[in-house]
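# A closer look at the structure
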Amino acid sequence: MNTSLLMKQLSIIGLTAAMTAVLPATTQAAPASKTIRVLSASGVDASTPDAAVWQKAPVTQVALQPAFPGHPSIVGVPATTQISAQAVRAGDQLFVRLAWSDATANAAIKDLSQFMDGAAVQFPVNGKAATTPFMGDANNAVNVWRWRADGLTENMIAKGFGTSMRVPFDGLHSASVRTDGGWTVVLARPLKVKADEGASLLNRKTMPIAFAAWDGANQERDGLKAVTLEWWQLKF
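These remarks concern the structure in this document. (Residues numbered from 1 in each chain as written. Predicted model: local features only at pLDDT ≥ 70, side-chain atom pairs only at ≥ 80, totals over all residues. Heavy atoms only, no water.)

### Structural notes on the pairing of strand β14 (residues 232-235)
This is how the line gets drawn: Pairing between strands is defined by DSSP: at least two bridges between them are needed. By definition, any uninterrupted DSSP run of H or I lasting at least four residues is a helix, any uninterrupted run of E lasting at least two residues is a strand, and each is numbered from the N terminus.
Pairing analysis gives three bridges linking strand β1 (residues 35-40) to β14, with the strands arranged parallel. Within β14, the position partnered with Arg-37 by the bridge is Lys-235. Bridge count between strand β12 (residues 206-214) and β14: four bridges; the pairing is antiparallel. Looking at β14, one finds that Met-207 is bridged to Leu-234.

### Thoughts on the packing of aromatic side chains
The geometry of an aromatic ring pair comes down to the distance between the two centres and the angle between the two planes. Rules: Two rings from Phe, Tyr or Trp (for Trp, the six-membered ring) form a pair when their centres sit within 6.5 Å of each other. Planes less than 30 degrees apart are called stacked, planes more than 60 degrees apart edge-to-face, and all others tilted. Accessibility here uses a 1.4 Å probe with only protein chains present; expressed as a share of the type maximum, an area under 20% marks a residue as buried, one over 50% as exposed, and anything in between as partly exposed. Note on geometry: a ring has a charge over it if NZ (lysine) or CZ (arginine) is within 6 Å of the ring centre and within 35 degrees of the ring normal.
This structure, assessed with the given rule, holds five aromatic pairs. Taken together, a centroid distance of 4.9 Å and an interplanar angle of 55° make the contact between Phe-123 and Trp-145 tilted. Separated by 22 residues along the polypeptide, Phe-123 in strand β6 (residues 118-124) and Trp-145 in strand β7 (residues 142-148) bring together distant segments of the chain. As far as burial versus exposure is concerned, Phe-123 and Trp-145 are alike and both buried. Linked through ring pairs, Phe-68, Phe-134 and Phe-161 together constitute an aromatic cluster. Over the ring of Trp-214 we find Arg-146; its NZ or CZ atom is 4.0 Å from the centre of that ring. The ring centre of Trp-183 lies 5.2 Å from the NZ or CZ of Arg-178, which sits over that ring.

Right, dumping it as structure tokens:
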């Protein structure tokens, strides 16, 4: 065996391993199986769950898992395991339609035994998938659009666990309908917003997106929820 050649090969292998250890990990783009395709349609109204355009928009089934327990008080297992997602871009608006199973409608808080049903979508404010999907961090904020079963819609900014703040914004709207087995909700917002109002979606080809759902009958609230543990991608 050529001892000199063997030593060179081992040296190269060792150098490669060392470089891999010290270089930061890169965030990979979501695979095709984790893509929500946005239907572009002009002159249509997609603001309600039963709007005709939703019959044409691709439906993607999104698996949900228990959220990371960022606080010791978060205990329990969320009930929702899957949510269906669709998206439509019409004019200067993005519409996101969510549907999921929920055996009971909970639109009010009752003592400590029952909370409100809800759902949300989340975007990195900087538009980068390198942002942690776990409510962002101090340097990389996330924008959350949250629907509540009492009819309220909240536009929020978060920079890590326990930092969610409501940001006044009149442009975020929702519509919902109770089905035989659950909820169907549409969230709608202009593509373009001011920097302090949330994540801009204008002129983007893709955008990371995450999902969450709360089942009030299961005492779910705040961090006790079903979520996607990684970013999906909206593809415009």
